[in-house]
Amino acid sequence: RNRGGGGGGSDWDRGSQMPRENRGRGGGGGRGDGGANDWQRGRAPPPPRPVAGRGGRGGRGGRGGRHNQNDPFPDDDFDPLVRNANRWVPSKDNSVMAKVEKQVKGLLNKITKEKFDRLAGQLCDIQIKSYDMLTLMIRLVYEKAIGEPTFSDMYANLCYQLSQRVKKSPFIQVIQSDEDPMAEPGAEYNYDEGGSASFRWSNDVSTSDAEILGPFESEDQCIDVALGNDDTDPTQRGEMELTLHRLLIKRGNFIKIMRSGDGQFYMVCFPLSQAEECGQQLSTKIFTSEIECQNDATKMNTFKRSLLNKCEDEFNKQDIYKDWKEDMKEYKKLKATLSESEQKEREEELEFRRMKIKKQMLGNIKFIGELYKLGMLKEKIMRFCIQSLLKLEEAEGAGYLQFKNVEDDEMDEEDHEALCNLFITIGSTIDNPKAAPYMQAYFQKIHVLGEDKSLSSRSRFAYQDLIDMRSKGWKLRRKVETAKTLEEIRKEAEREERMQQQQSQQNNYGGRGGGGRGRGGGRGGDKGGYRGGRGGGDYRNDNRESGGRRDNRGYDNQYDNRGGGRGSRNDRNDGGGGGRGNYGYSPNRGPPPMPSSRMAPPPVAPKILSAPGGRSGGEQFSKEKIEIRAKNMRDEFMNEGRDEKELLLTMDENLGGNEKAGNIIVQLYADKSMDCKAPERKAMNDILVILYKAGKLTKSDIEGPMADMVEFIDSFVVDSPGAIGFLGEMLAPFLDMKVLDIKWLCEKTALLMNKKDQKEVIHKAILEMKKACGDGSARAVFGGPNEVKALEQLLGAGEFQSIAAQCL
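Being a predicted model, the structure only gives us computed values, none of them experimental. (Residues numbered from 1 in each chain as written. Predicted model: local features only at pLDDT ≥ 70, side-chain atom pairs only at ≥ 80, totals over all residues. Heavy atoms only, no water.)

(A) Region of interest: the nonpolar core. Core analysis: the biggest nonpolar cluster contains 79 residues, and Leu158, Phe367, Phe423 and Tyr442 have the highest contact counts within it. Residue contributions to this core peak at 10 residues, all from helix α3 (residues 131-147). If near-sequence neighbours (up to four positions away) are discounted, Leu158 is found in contact with Leu108, Ile111, Phe116, Ala120, Leu123 and Val141. In terms of nonpolar packing, the next biggest core, distinct from the first, is built from 61 residues, Ala683, Met684, Leu740 and Cys746 among them. (Core = buried A, V, L, I, M, F, W, Y, C linked by side-chain atoms within 4.5 Å. Buried < 20%, exposed > 50% of the residue type's maximum accessible area, 1.4 Å probe, protein only. Helix = DSSP H or I, 4+ residues; strand = E, 2+ residues; numbered from the N terminus. Contact = heavy atoms within 4.5 Å.)

(B) Structural view of the side chain of Asn632. Looking at the secondary structure, you find Asn632 in helix α15 (residues 623-639). A distance of 3.2 Å separates the side chain of Asn632 from the side chain of Glu494, its partner in a polar contact. Ignoring any residue separated from it by four or fewer positions in sequence, one finds Asn632 in contact with Arg490 and Glu494. (Polar contact = N/O pair within 3.5 Å; in protein donor to acceptor, adjacent residues only side chain to side chain.)

(C) Region of interest: helix α12 (residues 436-450). With 15 residues, α12 extends 20 Å from end C-alpha to end C-alpha; this agrees with the ideal 21 Å at 1.5 Å per step. For α12, the full list of buried residues reads Tyr438, Met439, Ala441, Tyr442, Phe443, Lys445, Ile446, Leu449 and Gly450. Turning to α12, the residues buried within the fold contact α10 (379-390), β8 (392-394), β9 (403-405), α11 (413-430) and α13 (457-471). (Expected span 1.5 Å × (residues − 1).)

(D) Broad picture of unusual backbone geometry. Cis geometry is found at the peptide bond from Gly214 to Pro215, where omega equals 5°. Looking at the secondary structure, you find Pro215 in strand β3 (residues 211-216). Its identity is not glycine, yet Lys391 carries a phi of approximately 60°, on the positive side. Structurally, the position occupied by Lys391 is in the loop between α10 and β8. Phi at Lys738 is positive, roughly 65°, even though this residue is not glycine. On the basis of relative accessibility, which here comes to 58%, the residue Lys738 falls in the exposed class.

(E) Structural view of the pattern of salt bridges. One pass over the full model with this rule turns up 29 salt bridges. With a closest N to O distance of 3.7 Å, Glu314 and Lys310 form a salt bridge. Remark: Lys310 and Glu314 occur in helix α7 (residues 303-315); sequence separation between them is four residues, near one turn of the helix. The partly exposed category is assigned to Lys310, whose relative accessible area is 24%. Here Lys699 and Glu703 are joined by a salt bridge, their closest N and O atoms 3.9 Å apart. Highlighted residues: Lys699 and Glu703, both in helix α19 (residues 699-711), separated by four residues, approximately one helical turn. The exposure class assigned to Glu703 is partly exposed, which follows from its relative accessible area of 25%. Three or more residues are tied together by salt bridges with common partners; here these are Lys358, Glu417 and Arg458. (Salt bridge = Lys/Arg side-chain N within 4 Å of Asp/Glu carboxyl O.)

(F) Main features of the sheet that holds strand β1 (residues 173-177). Across the sheet, seven strands lie side by side as β2-β1-β5-β6-β7-β3-β4; this open sheet has mixed pairing. A single partner strand is all that each edge strand has here, and the edge strands are β2 (198-202) and β4 (235-236). Examined bridge by bridge, β1 and strand β5 (residues 242-250) share two bridges and lie parallel to one another. Paired with Gln176 across the two strands is Leu248, which belongs to β5. Across the face of the sheet, helix α6 (residues 290-300) comes into contact with β1 and β2 while running at roughly 20° to β2. (Pairing = 2+ DSSP bridges. Axes fitted to C-alpha atoms, helices over the stretch in contact; angles between N-to-C directions.)

(G) Expanded view of the packing of α3 against α7. Where α3 contacts α7, the axes come no closer than 10 Å and their chain directions differ by 55°. Relative to α7, α3 is oriented oblique. The chirality of how α3 crosses α7 is right-handed. Side by side, α3 and α7 meet where Tyr131, Leu134, Met137, Ile138 and Tyr142 of the first sit next to Phe303, Ser306, Leu307, Lys310, Cys311 and Glu314 of the second. Split by residue class, the contact of α3 with α7 holds eight nonpolar, one polar and two charged. (Parallel < 35°, antiparallel > 145°, perpendicular 65-115°, else oblique. Left-handed = near helix turned anticlockwise from the far one by under 90°. Nonpolar A, V, L, I, M, F, W, Y, C, P; charged D, E, K, R; others polar.)

(H) Local environment of the pairing of β2. Among the five residues that make up β2, five are buried, leaving the element largely enclosed by the rest of the structure. By the alternation rule, side chains of β2 split into Ser198, Arg200 and Ser202 and Phe199 and Trp201, which are all buried. Pairing of β1 with β2 involves five bridges; the strand directions are antiparallel. Counted as the bridge partner of Ile175 is Arg200 from β2.

(I) How the structure looks around the environment of Glu217. Tracing the sequence through the fold places Glu217 in the loop between β3 and α5 (219-226). The residues contacting Glu217, other than those within four sequence positions of it, are Gln264 and Phe265.

Below you can see the structure in the form of structure tokens.
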């Protein structure tokens, strides 16, 4: 192999045994290395060698001698890269419009019902400095509203707040003019030098023109140039900052005069007839007074007016599917030339676009309805929308209200759905006595449409549902999902869980007794008991030792806990199941009645958490589950205006089934009070007081957790320096209610090793007692002879007298 000819090829010939793989050498190109690599694992890499040796290329084996994976980079010197001053670099659009758009989009993306008030306030605080900025904000809010119909009521409320805040537009400019205000529109321009001034307004006056005329020494010089008395070539504004000085229309020329920071005057002017071509908005009407002009400008440029114009433009679009239909026709022409996967992809794209257009159309209808419900749209506008969808118009010349179908009265599927959605949204509001004639005419046609067999079943049923809804006072058959706060979602989940728990408890205790038409079909199970002949009694305690003994009627006296069986004619007060009176007994229905002389009084079934010690029955909640529910109970109490009735209901129905439930709640709230905000701590203290006063907590429920807090308060102080004060807040109301006393407090405080901590506990308890219950209550609790004696034994006479002098 070393004599050349290998050329990097393979020595293995077809039909012979495959040679053993040699990764270290490879096929060589004679003596000249031939592309071999002598480096092996565990050795240092070989030094660089020439690219090709004397072996040359070798034979047919390939380019063995010209390839070496270990060749270094060429030693040629390269000039380092130099950054060019004109190189491209990415840049952000820092214009005012771009910043506002980013800010509005960010707030709209974050807005929810829970954060609505805060974020809506931030949107209202954005300064609108131009009409373009106003239309930008309206466009963004509108697109968000029709794209998310579920939240349309929230966005309508947002628009209402914006309309109340954005009433004055600082970008409106009044322009003094010498035009004749009495001239007919479109008449030849006429002006009078000695006549009174007239006025127009504009909402689109800027000082960022690319080309300007100037500089000039005075305002009069600007006007002379504008009127053609002097020729001046325009110059580039560049980065020059200019402020608006004056606007006027003189001799048919629009003149805008601006000033720079150094006091120089600059000007832009053009013939009034070219205002639209130059992109300058001007009011079409000419006013005789400045106040009248200002009022009209304000009215025409409010947020509300601009929003309604946007809704009207979207509603009046002739064919929202025009572009989609053209693309569909083009696709059908090319369908035969496309592959199956391309056809599927194109059809999915077209279907997605169709659904998006439909969603926006229905979103627009719902959004318009929500605006009407808030009073932003007049009833006349809503009647126009309904008549447009129904293809109706008022007949002229009739002495009373009468409608006729328009010439092109064909309604498509989207019109039917949009009309039904609109009535669902605004029906209860617009169906009032004043609108009775209109509603009668509308529903006459709706009745016809509901029976029109040429319509799809979906549309006909929708109209029939609409008719039924109106007859029932616009009550929906199914609840419509709307935007909800996290608190509302949590309450719904808890309500469902509460209902499931009640159902589970009823199932555990047994349901109703066997019903029937006699007097014996009373309630059984957990409602338990003895209802004077209404039956459903509990036989669990009745002669269980009797086994299979028969009574004097020959029935087996074997009882179970089923409240079934038939009542007895003679023993109407006995517990018994349903059935029709006393005509026989079926052993499959439950136990037979006993003679009244042998019948023991039926026991009273226990209530669920009915008294402080009555926490029995139903599902046994674990400590973790009780803690979760206790936290939810606290949050609900804080967020719902501290509703005591709802608090007690939650305690009764959500935290039962565990004898230690009260103790767990007090312990949890005590621990949380050491590291939470003041409103949350006060809410938890108030909850404990309310629950104790209502009999939901016992004295032992309070004493145990409070004793632990006093004993280990020094460990809480390490992480929360105000912990002793927080402990005083918790102790004060229970000391005032005599749940805890000074003897108990002294015993628990004595367990603290540090005398300073003992003194601080007593000191803070007195201060918080005074703050929460008044000076009189503090003196009554801490100032009695026995109390003073106990406190002096704990702290020493001198220390306590010092505290008493300061606080009592």
